[in-house]
Amino acid sequence: MVVLGASIISKSGKVLVSRQFVDMTCIRIEGFLAAFPKLVGTGKQHTYVETENVRYVYQPIEALYLLLVTNKQSNILEDLETLRLLSKLVPEYSYSLDEEGIGKTAFELIFAFDEVICLGHKENVTVAQVKQYCEMESHEEKLHKLVLQSKINETKDVMKRKASEIEKSKIDKNRGDKGGFMSMGSGRIETSFSDMSISSSGSGFGSGSGFGLTIDVDSFSTKAKGHQPSSATAPPKGFGMQLGKSQKTNQFLESLKAEGELIVEDVQPKAGHSRVAAPPPTDPITLIAEEKLNVTLKRDGGISNFDVQGTLSLQILNQEDGLIQVQIETGGNPGILFKMHPNMNKELFSNENILGLKDPNRPFPTGPVGDAAGVGLLKWRMQSADESMVPLNINCWPSVSGNETYVSTEYEASVMFDLRNVVISVPLPALREAPNVRQIDGEWRYDSRNSILEWSILLIDNSNRSGSMEFVVPSADSSVFFPISVRFSAASTYSDLKVVNIIPLRGGASPKFSQTTNLITENYQVV
C-alpha cells in the first residue's frame with residue numbers, strides 16, 4: 001500500500017489541507033485534486049474512484065471530503081482502514097468541520113496525518129497514541145522551566161533585599177549622630193540606647209565604643225479591649241556588643257529586624273522554660289486522615305474553585321503488626337469520590353468498608369519512627385460549586401476618603417468546622433509606616449518586607465463565627481488589597497472518615513492504634 005497524499009477539500013473542489021507522503025511535484029498533486037470533483041458521481045454507494053494512474057478513496061464529512069490518493073496497486077481494505085482512522089482524528093483537532101475550522105487547525109491536522117502515515121505506509125497507532133505523540137510533553141523541558149523560574153524568583157528576592165538595604169542606609173544617613181532605632185510593631189516609634197560596651201575583638205559599631213539597639217517587634221497587636229497587646233518576642237532588653245559575633249553578622253541581623261523579621265537570639269535556656277520536642281508516636285499503629293483545601297473566592301461574591309483532596313495514611317512501628325486490615329466509616333457524602341491503592345482489595349472495601357491488601361499473607365510495610373508520610377491506603381476528592389460548602393468567607397471593602405483609604409474586612413465562618421490558627425493576609429501598598437488599625441477582632445502583624453497585614457485569630461468557634469477589622473492607609477487603588485490569602489486548620493474533615501477497628505489477620509486481640517484527623521489549606525484566596 002502506498003498513499004500518495006491525504007487531503008481535505010470542499011465539495012466545490014477547494015483544497016483546505018493537503019499532505020504528500022511521496023516525492024512528487026506540487027503541480028501533479030494539484031492536478032489529482034482538481035480532477036477529483038469531476039469524477040465523483042451522485043447516488044453511488046461506493047466511496048472510491050479509480051483512474052488510469054491513481055485511486056481516490058474518500059469519505060464525506062459534513063460539507064467536506066476527506067480524501068486519500070493512492071496508487072492502484074494498494075490494498076483497498078488497508079486504504080479504508082487508514083481513511084477511517086483519519087476521519088476520527090479530524091474532529092479531535094477541528095471543533096467545527098467547515099472551511100474556517102479546518103483552516104485554523106491546518107498545522108495540527110498535518111502533524112496528526114504524519115503520525116498515521118509514514119512514507120506512504122500506515123503506522124500501527126490509535127487515536128489516543130496520535131494525540132499523545134502530538135502533545136510532545138517533555139520532562140526535560142518542564143525541569144528546565146522550573147529551574148529558570150527558580151532563578152527568576154531568586155533574583156527578585158536579591159533585588160528586594162538590596163532595595164531594603166539601600167533604603168535602610170538612607171534612613172541611617174539622615175538620622176546622623178542621633179542614634180536610636182525605629183521600631184514598627186504596633187504603630188509606635190521608639191528610640192533607646194543600651195549600655196555602652198567595648199569589645200576586645202573590635203566588633204560592634206565603632207572601634208572605641210558601641211551602642212546597642214532596643215528592638216520592639218510586636219508580632220501582633222490585640223484589639224483595644226483593655227488588655228495589653230501580645231508580643232511575639234521576649235520582653236525587650238538593651239544589649240551591647242557581644243563577644244563571639246562578627247560585625248557583619250550583627251549588621252545583617254539588625255537589617256533583618258528592621259524589615260520586620262522575627263530574629264531569635266542565641267540565649268541559654270532557663271530552667272522551666274526550655275521547649276521539649278514533641279515525642280514520636282508510641283502507638284504501634286497510627287492512621288492519619290488529612291484533607292487539603294484549594295478554594296478561590298471572588299471578591300464580589302461567588303466561588304471560582306472549590307477542591308478538596310484527602311488521603312488516609314498508615315504508620316506501623318513493628319513488623320509483626322503488619323498483617324492487619326483497617327475497618328473505616330465514612331460520612332456518606334455523595335460528592336466524595338474514593339480511589340484506592342492498586343495493591344488494595346477493592347471488592348472488600350466496596351462490600352464491608354475494610355481496607356486490606358489483595359494478598360492477605362503480605363504485611364503492610366513498616367517505616368521509621370520519624371517518618372511522617374506513612375503508607376497511603378486511600379485517596380478521595382470532592383469538588384463543588386455550592387458556596388455553602390466554603391468554611392470561611394472573606395469580605396473586603398476599600399473606600400477612598402480624601403488622601404486616605406479606609407479598608408473594612410470581615411470574616412464569616414461556617415458552623416461545619418471550628419477553625420484554628422486562622423491567618424488572613426491582606427496585601428498593602430508600599431508603606432513607610434505600619435497601617436493604622438482602628439478596630440480588630442483578634443490580633444494583627446505588619447510584614448514590612450512583603451507589605452502584608454496579617455490578621456490572626458487563634459480559634460473560630462460558636463463564640464466568634466464572624467469578626468471584622470478596620471484599618472487606614474494612604475490613598476490607594478482598591479485592587480492593591482487583593483488577592484487575600486487565608487491559612488487555617490481544623491480537627492474535622494468533609495469526608496468525616498473514621499477508623500473503627502483494626503483487624504489482626506493472625507487472630508488475637510485488636511492491636512492498639514491511634515488516629516489523627518486534620519483539615520488544612522493548601523491554596524485559599526479571595527481574588
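Within any chain, residue numbers begin from 1 and follow the written order of that chain's sequence. Under the rules for a predicted model, residues below a pLDDT of 70 receive no local features and side-chain atom pairs below 80 are neither given nor counted, while totals for whole chains, interfaces and linings still include all residues. Side-chain metrics rest on all non-hydrogen atoms present in the structure, leaving aside hydrogens and water.

*Asks:* Honestly, the pattern of salt bridges in this entry has me stumped. Any pointers?
*Replies:* When charged atoms on two side chains of opposite charge get close, those side chains can pair. The salt bridge definition used is simple: a Lys or Arg side-chain nitrogen within 4 Å of an Asp or Glu carboxyl oxygen. This structure, assessed with the given rule, holds 14 salt bridges. Linking Arg-55 and Glu-50 is a salt bridge whose minimum nitrogen-to-oxygen distance equals 3.0 Å. With a 1.4 Å probe rolled over the protein chains alone, any residue whose accessible area is under 20% of its type maximum counts as buried; one over 50% counts as exposed, and the rest are partly exposed. Relative accessible area serves as the criterion here: at 7%, Arg-55 is assigned to the buried category. With relative accessibility at 40%, the residue Glu-50 sits in the partly exposed group. The closest approach of N and O atoms between Glu-454 and Arg-445, which form a salt bridge, is 3.7 Å. One exposure class covers both Glu-454 and Arg-445, and it is buried.

*Asks:* I keep staring at unusual backbone geometry and nothing clicks. Help me out?
*Replies:* The omega torsion across Phe-482 and Pro-483 is 0°, close enough to zero to call that bond cis. Relative to the helices and strands, Pro-483 resides in the loop between β21 (466–474) and β22 (484–490). Unlike most non-glycine residues, Asn-353 shows phi in positive territory, near 55°. A positive phi angle, close to 50°, is found at Asn-421, a residue other than glycine. Think of it this way: any DSSP run of H or I at least four residues long counts as a helix, any run of E at least two long counts as a strand, and we number them from the N terminus. Turning to its location among the elements, Asn-421 is positioned in strand β17 (residues 419–427). Residue Asn-421 is classed as partly exposed on the basis of its relative accessible area of 48%.

*Asks:* So what exactly am I meant to see when it comes to the nonpolar core here?
*Replies:* When a protein is soluble and globular, its nonpolar side chains tend to lie buried together. Phe-306, Leu-355, Leu-378, Leu-392, Ile-424, Phe-471 and Phe-481 are the most contacted members of the largest nonpolar core, which has 67 residues in total. When checking whether two residues touch, look at their non-hydrogen atoms; a contact exists if any pair is within 4.5 Å. Residue contacts for Leu-378: discarding those within four places in its chain leaves Gly-310, Thr-311, Leu-312, Ile-328, Phe-338, Lys-339, Met-340, Phe-349, Leu-355 and Leu-497. Among the nonpolar cores identified, the runner-up in size contains 29 residues, and Ala-6, Val-17, Leu-66 and Val-127 belong to it. Nonpolar cores were defined as sets of buried Ala, Val, Leu, Ile, Met, Phe, Trp, Tyr and Cys residues, with membership established by side-chain atoms within 4.5 Å.

*Asks:* In this structure, what is going on with the packing of aromatic side chains? I would like to understand it.
*Replies:* By convention here, two paired aromatic rings are described through the distance between centres and the angle between planes. Here a pair means two rings of Phe, Tyr or Trp (six-membered ring of Trp) with centres within 6.5 Å. Their orientation is stacked below 30 degrees between planes, edge-to-face above 60, and tilted elsewhere. One pass over the structure, following the stated rule, counts 11 aromatic pairs. Centroid distance Phe-338 to Trp-380: 6.0 Å. Interplanar angle 50°. Geometry classified as tilted. With Phe-338 in strand β12 (residues 336–340) and Trp-380 in strand β14 (residues 375–383), the pair connects residues that are 42 residues apart, well separated along the chain. The exposure class assigned to Trp-380 is buried, which follows from its relative accessible area of 3%. Aromatic ring contacts, followed pair by pair, group Phe-36, Tyr-56, Tyr-58 and Tyr-65 into a single cluster. In this analysis the charged atom, NZ for Lys or CZ for Arg, is taken to sit over a ring once it is within 6 Å of the ring centre and within 35 degrees of the ring normal. Over the ring of Tyr-65 we find Lys-11, and its NZ or CZ is 5.7 Å from the ring centre.

*Asks:* What am I meant to see in the sheet that holds strand β23 (residues 498–504) here?
*Replies:* Backbone hydrogen bonds are what pair the strands of a sheet, in a parallel or an antiparallel way. Two strands are said to pair when DSSP picks up at least two bridges between them. Here 3 strands make up an open sheet; going across it, the order is β13-β11-β23 and the pairing antiparallel. Of all the strands in the sheet, just β13 (354–355) and β23 have a single pairing partner and so form its edges. Sheet topology note: the strand β11 (residues 324–329)/β13 ladder contains 2 bridges and is antiparallel. Pairing of Gln-327 across the sheet is with Ile-354, part of β13.

*Asks:* What exactly am I supposed to notice about the sheet that holds strand β4 (residues 54–61) here?
*Replies:* The strand order β2-β1-β5-β4-β3 describes an open sheet built from 5 strands, whose pairing is antiparallel. Two strands in the sheet have a free side with no partner beyond their single neighbour: β2 (15–20) and β3 (48–50). Strand-to-strand, the axes of this sheet are offset by a mean angle of 15°, without reference to chain direction. Of the strand pairs in this sheet, β3 and β4 are connected by 3 bridges, and their pairing is antiparallel. Residue pairing in the sheet places Val-49 in a bridge with Tyr-56 of β4. The axes used here are C-alpha line fits, helices contributing only the stretch in contact, and every angle between their N-to-C directions lies in the interval 0 to 180 degrees. Taken strand by strand, helix α1 (residues 26–39) contacts β1 (3–10), β2, β3, β4 and β5 (64–71), and its axis lies near 60° from that of β4. Against the sheet, helix α2 (residues 76–93) makes contact with β1, β3, β4 and β5, and its axis sits at roughly 35° relative to β4, the strand it touches most.

*Asks:* Which parts of the structure should I look at to understand the pairing of strand β16 (residues 404–413)?
*Replies:* Here is the key point about a regular strand: its side chains alternate between the two faces of the sheet. Where burial is concerned, the two faces of β16 differ: the one with Thr-405, Val-407, Thr-409, Tyr-411 and Ala-413 is buried and the one with Glu-404, Tyr-406, Ser-408, Glu-410 and Glu-412 is not. Bridging between strand β15 (residues 392–401) and β16 involves 10 bridges; their strand directions are antiparallel. Along β16, the bridge assignment pairs Cys-396 with Thr-409. Taken together, β15 and the strand that follows it, β16, pair antiparallel across an intervening segment of 2 residues, in which Gly-402 is found at a positive phi of about 70°. Strand direction decides the pairing type here: β16 and β21, joined by 9 bridges, are antiparallel. Looking at the pairing, Tyr-411 lines up with Gly-467 of β21.

*Asks:* How should I be thinking about the packing of α2 against helix α4 (residues 106–116) in this particular structure?
*Replies:* A packed helix pair is summarised by two numbers, namely the angle formed by the two axes and the spacing between the axes. Between α2 and α4, the least distance of the axes is 10 Å, while the angle of their chain directions is 150°. Comparing the axis directions of α2 and α4 gives the class roughly antiparallel. In this structure, the crossing between α2 and α4 has a hand that is right-handed. Residues Thr-82, Leu-85, Leu-86, Leu-89, Val-90 and Tyr-93 of α2 touch α4, and the partners they reach there are Glu-108, Leu-109, Ala-112, Phe-113 and Val-116. Residue polarity follows a fixed list, in which Ala, Val, Leu, Ile, Met, Phe, Trp, Tyr, Cys and Pro are nonpolar, Asp, Glu, Lys and Arg are charged, and the others, Gly among them, are polar. Here the residues of the contact of α2 with α4 sort into 9 nonpolar, 1 polar and 1 charged. For this classification, under 35 degrees means roughly parallel, over 145 means roughly antiparallel, 65 to 115 means roughly perpendicular, and everything else is oblique. The sense of a crossing depends on the near helix, which, turned anticlockwise from the far helix by less than a right angle, makes the crossing left-handed and, turned clockwise, makes it right-handed.

*Asks:* When you look at the pairing of strand β19 (residues 443–447) in this model, what are you seeing that I'm missing?
*Replies:* Within β19, 4 of the 5 residues are buried, which leaves it mostly tucked inside the rest of the structure. As paired elements, β19 and strand β20 (residues 452–460) share 5 bridges and run antiparallel to each other. Within β20, the position partnered with Arg-445 by the bridge is Glu-454.

*Asks:* I keep staring at the environment of Gly-310 and nothing clicks. Help me out?
*Replies:* Position of Gly-310 relative to the elements: it lies in strand β10 (residues 303–316). Taking C-alpha positions, Gly-310 is 6.2 Å from Lys-292, a pair spaced 18 residues apart along the chain. Apart from the residues within four sequence positions on either side, Gly-310 is in contact with Glu-290, Glu-291, Leu-378, Lys-379 and Trp-380.

*Asks:* Help me understand the environment of Val-3, please; the structure alone is not making it clear to me.
*Replies:* One can find Val-3 in strand β1. Put simply, Val-3 and Ile-117 are 114 residues apart on the chain and 7.9 Å apart in space, counted from C-alpha to C-alpha. Excluding residues within four positions of it along the chain, Val-3 makes contact with Phe-21, Val-22, Leu-68, Val-69, Thr-70, Ile-117 and Gly-120.

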